Amino acid sequence: MRYMLLQSYGPVESGCLPMTEWAPEDIKAHIEFQQALNQELADRGELVDAQGLAGPEQAQFVVSDGATAPVITDGPYPESKELLAGYRLVDVESAARAIEIAARASAAPGPAGVPIRQPIEVRQVLSAPDPEL
Amino acid sequence: MTTPEDLLRQCAPQVLGVITRRYGDFAGAEDAVQEALLAAALSWPAEGTPDNPVGWLIRVAARRMTDQYRADDARRRRELLAASWSLADPGPVPGQDDTLILMYLCCHPALAPGSAIPLTLRAVGGLTTREIAAAFLLPEKTMGQRISRAKATLKAAGEPFRLPAPGQRAGRLRSVLHVLYLLFSEGYTTSSGPDLARADLSGEAIRLARMLRASLPGDPEVTGLLALMLLTEARRPARTGPGGELIPLAEQQRGRWDRAMITEGLTLVTAALRHGPGPAGEYQLQAAIAALHDQAARPADTNWAGILALYRRLERMTGNPMVTVNRAAAAAMAGGPAAGLAILDSVAGQLGDHHRYLSVRAHLLEQAGDRAGARAGFQAAAARAGNVREQQYLITKAAQVAADSGPG
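Because the structure is predicted, anything quoted here is derived from the model rather than measured. Numbering of residues starts from 1 in every chain and runs along the sequence as written. Chains carry letters and ligands carry numbers; both start at the beginning, A for chains and 1 for ligands, and go up in the order they are written. Under the rules for a predicted model, residues below a pLDDT of 70 receive no local features and side-chain atom pairs below 80 are neither given nor counted, while totals for whole chains, interfaces and linings still include all residues.

**Overview of the overall build of chain B**
Item 1. Here a strand is any run of E in DSSP of at least two residues, a helix any run of H or I of at least four, and the numbering for each starts at the N terminus. What chain B contains, in helices and strands, is 21 helices and zero strands.
Item 2. Any residue surrounded by 20 or more other C-beta atoms within 10 Å of its C-beta is treated as buried, while 12 or fewer makes it exposed and the intermediate range makes it partly exposed; C-beta atoms here are placed from the backbone. A total of 408 residues make up chain B; the buried ones form 44% of that total.
Item 3. Working definition of a contact: two residues with C-beta atoms, positioned from the backbone, lying within 7 Å. For chain B, restricting intrachain contacts to residue pairs at least 6 apart in sequence, the fraction spanning at least 24 positions comes to 60%.

The structure is reproduced here in structure tokens:
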């Protein structure tokens, strides 16, 4: 079963400051945590892909009717907190295992190593049809 | 026609059996054989296929093992010394037994299906990690790690390289059949876009089921599973439209079904049902149901009473509420939608939220003329569907029911 674990730019439950305000060693520890988690998932044969996305400042929204020139909206956006910050795509044996990984990711270290308790959105990826149909 | 790839894959389990026996190290032997297969894939097309392909692969794999042991520590070197005492030619090769031992090993109950399937494909099927990773849309490294971990789990379980004790074989065979069935299901999918490669997985499942049957020709459930695969796979060409959309059984162009596969499947299921000791097992019953579908030239010719009876037996045997849902669909075809809906009510408590339950119920409501109920049912099923083709099908059905009922 394949799950997408999504994290956005929204507030974290620990209420800590945005990462740009952290001490450099705290940022380093956070990045190392994320890399170590990815390595662990790869070693277990569960990692499909993990990517961080460029900041909301660089996001663009494109709307088109297919005929006239598309409408392109550049940031900043009032709802930038809802934008996707990054994702992990994992291939696991059960929904419970996806939740377990999400819990690990949520407890990523913040300032002074305190877990930031970031909300992780867990979404199952639609698979191919079963042969019964 | 046998391609070089086919030949390599056929040799794989035999070579692995010999190397594992010689060195007593399944995990290491499996890596060495994989490397030998890769070496062969590179050199055979250029230098020609050797006269004795199995011997060639054994020699190369054994050299890899020796290199590996040399690179390891002194303890391992002493093991190599002990192993080298038996380095004489292996003599007559117990090929089919080894294939069977490998299947029992790779489908060990200690392994989750997600690990057992790729390990079986590599060790028994002779596929490369790259091919397996591509079929499952996973990075090659991730798939390699999964296979390594599976082998570490087997090592920890202390499973010896021999047939399980006679008292355990029935249970262990069930695990093997289950893994092959899941592999087949994984591959039995659409025929478009990135899903295309996955068709190969069904083909691999059928090939492995044939190999298993060659080792256990008298086992009716093994034969039943192979028959089920063939009778299901036969419908693949008609099962999807040009855009990859699902076409349900009743609307498929039956002329596009693969006749040769159906004939072979029918012969196999008939033999299994006739010669098997005791009551027919789960896969034989499922194969028999598939056979009744495949024998109907038109949907209206389907022997629904026969299918209904088979689902009843399957339901009693497995106690699986999903079988009850299928029985409800068959009952509706045999005796009208009300009969089916009544059966569905009996499992509403267990499955009321499942997309397949909702979808079958919506179909029956549509047959019964309850368009509003059918539409809501198809929408609810679409919201819970676990796969994209089925979701698209259900959304389309909801829209069709709405359109058929006209404005207002």
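**Considerations on helix α19 (residues 355-367) of chain B**
Residues and elements named next belong to chain B.
Item 1. With 13 residues, α19 should reach 18 Å at 1.5 Å per residue; the first-to-last C-alpha distance of 18 Å fits that figure.
Item 2. Those residues of α19 that sit buried are Arg356, Tyr357, Leu358, Ser359, Val360, Arg361, Ala362, His363, Leu364, Leu365 and Glu366.
Item 3. On its buried face, α19 is in contact with α16 (321-335), α17 (337-345), α18 (348-351), α20 (371-384) and α21 (388-404).
Item 4. Of the residues flanking the end of α19, it is Gly369, one or two places downstream, whose phi is positive at about 90°. To estimate how far a helix should extend, the number of its residues minus one is multiplied by 1.5 Å.

**Let's talk about the domain arrangement of chain B**
Residue and element names in this part refer to chain B.
Item 1. By domain assignment, chain B separates into domain 1 (1-93), domain 2 (94-159 + 168-212) and domain 3 (217-300).
Item 2. On the side of domain 2, 16 residues touch domain 1, which itself brings 14 residues to the contact.
Item 3. Elements that contribute at least two residues to the side of domain 1 that touches domain 2 include exactly α1 (4-23) and α2 (26-47).
Item 4. Sorting elements by how many residues they give to the side of domain 1 that touches domain 2 places α1 first, with seven residues.
Item 5. Ten residue types, Ala, Val, Leu, Ile, Met, Phe, Trp, Tyr, Cys and Pro, are classed as nonpolar, four, Asp, Glu, Lys and Arg, as charged, and the remainder, Gly among them, as polar. Grouping the amino acids of the side of domain 1 that touches domain 2 by side-chain chemistry returns nine nonpolar, three polar and two charged. Start and end positions for the domains come from either an automated domain assignment or a database one.

**Brief notes about the nonpolar core**
Within soluble globular proteins, side chains that are nonpolar generally end up buried alongside one another.
Item 1. Among the nonpolar cores identified, the biggest contains 129 residues, and Val15, Ile19, Val33, Ala61, Leu180 and Leu225 of chain B are the most heavily contacted of them.
Item 2. The contacts of Ile19 of chain B, once residues within four sequence positions are left out, are Ala29, Ala32, Val33, Ile58, Ala61, Ala62 and Met65 of chain B. Each nonpolar core reported here comprises buried Ala, Val, Leu, Ile, Met, Phe, Trp, Tyr and Cys residues connected via C-beta atoms within 7 Å.

**Focus on the sheet that holds strand β1 (residues 2-8) of chain A**
All names here are of chain A.
Item 1. Two strands qualify as a pair provided that DSSP identifies no fewer than 2 bridges between them. Read across the sheet, four strands follow the order β2-β5-β1-β6 without closing on themselves; strand pairing throughout is antiparallel. Looking at the sheet topology across the chains shown, the edges are occupied by β2 (47-52) and β6 (121-124). On average, each strand axis in the sheet is tilted by 15° relative to the strand beside it, whichever way the strands run.
Item 2. Strands in contact with helix α2 (residues 95-106) are β1, β5 (84-91) and β6; relative to β1, the strand with the most contacts, it is inclined by about 25°. Fitting a line to C-alpha atoms yields each axis, with helices limited to the stretch in contact; the angle taken between N-to-C directions then spans 0 to 180 degrees.

**A short note on the environment of Ala23 of chain A**
Residue and element names in this part refer to chain A.
Item 1. Relative to the helices and strands, Ala23 is located in the loop between β1 and α1 (24-43).
Item 2. On the basis of neighbour count, Ala23 is assigned to the exposed category, with 10 C-beta atoms found within 10 Å.
Item 3. Through-space distance from the C-alpha of Ala23 to that of Gln51 is 23 Å; in sequence the pair is 28 residues apart.

**Re the packing of α1 of chain B against α2 of chain B**
Two packed helices can be described by the angle between their axes and the distance between those axes.
Residue and element names in this part refer to chain B.
Item 1. Close contact between α1 and α2 brings their axes to 9 Å; oriented N to C, the two are set at 145°. Along this stretch, α1 crosses α2, giving a crossing that reads as right-handed. Two secondary-structure elements touch here, α1 through Pro4, Leu8, Ala12, Val15, Leu16, Ile19, Thr20 and Tyr23 and α2 through Phe26, Gly28, Ala29, Glu30, Ala32, Val33, Ala36, Leu37, Ala40, Ala41, Trp44 and Pro45.
Item 2. Among the residues making up the contact of α1 with α2, the classes are represented as 17 nonpolar, two polar and one charged. Note on convention: near helix rotated counterclockwise from far helix by under a right angle means a left-handed crossing. Clockwise means right-handed.

**Topic: the environment of Glu131 of chain B**
Item 1. Tracing the backbone shows Glu131 of chain B in helix α7 (residues 129-135).
Item 2. Along the chain, Glu131 of chain B and Asp200 of chain B lie 69 residues apart, while their C-alpha atoms are 10.0 Å from each other.

**Observations concerning α17 of chain B**
Residue and element names in this part refer to chain B.
Item 1. When α17 is considered as a whole, its buried residues turn out to be Pro337, Gly340, Ile343 and Leu344. Seen end-on, α17 carries its buried residues on one side only, within an arc spanning 125°. What points out from α17, more than 90 degrees from its buried face, is the exposed set Ala338 and Asp345.
Item 2. Of the surrounding secondary structure, the elements contacted by the buried residues of α17 are α16, α18 and α19. The arc under discussion is defined with respect to the helix axis, by the directions toward the C-beta atoms.

**Digging into the packing of α2 of chain B against helix α3 (residues 53-71) of chain B**
Residue and element names in this part refer to chain B.
Item 1. Where α2 meets α3, the closest approach of the two axes is 8 Å, and the angle between their N-to-C directions is 125°. In terms of orientation, α2 lies oblique with respect to α3. The way α2 lies across α3 gives a crossing that is right-handed. Across from Gly28, Ala29, Ala32, Val33, Glu35, Ala36, Leu37, Ala39 and Ala40 in α2, the residues of α3 making contact are Trp56, Leu57, Val60, Ala61, Arg64, Met65 and Gln68. In this scheme, roughly parallel covers angles under 35 degrees and roughly antiparallel covers those over 145, while 65 to 115 is roughly perpendicular and the rest are oblique.

**Examining the environment of Arg361 of chain B**
All names here are of chain B.
Item 1. Tracing the backbone through its elements, the reader meets Arg361 in helix α19.
Item 2. Arg361 sits 298 residues away from Arg63 along the chain, and the two C-alpha atoms are 61 Å apart.
Item 3. If we skip the residues at most four places from it in the chain, Arg361 touches Leu344 and Gly377.

**Looking at unusual backbone geometry**
Item 1. With phi around 50°, Arg117 of chain A is a residue other than glycine that occupies positive phi space.
Item 2. Turning to its location among the elements, Arg117 of chain A is positioned in the loop between α2 and β6.
Item 3. Of the residues examined, Arg117 of chain A has 15 C-beta atoms within 10 Å and is grouped as partly exposed.
Item 4. Positive phi outside glycine occurs at Leu137 of chain B, with the angle close to 55°.
Item 5. As for its position among the elements, Leu137 of chain B is in the loop between α7 and α8 (140-157).

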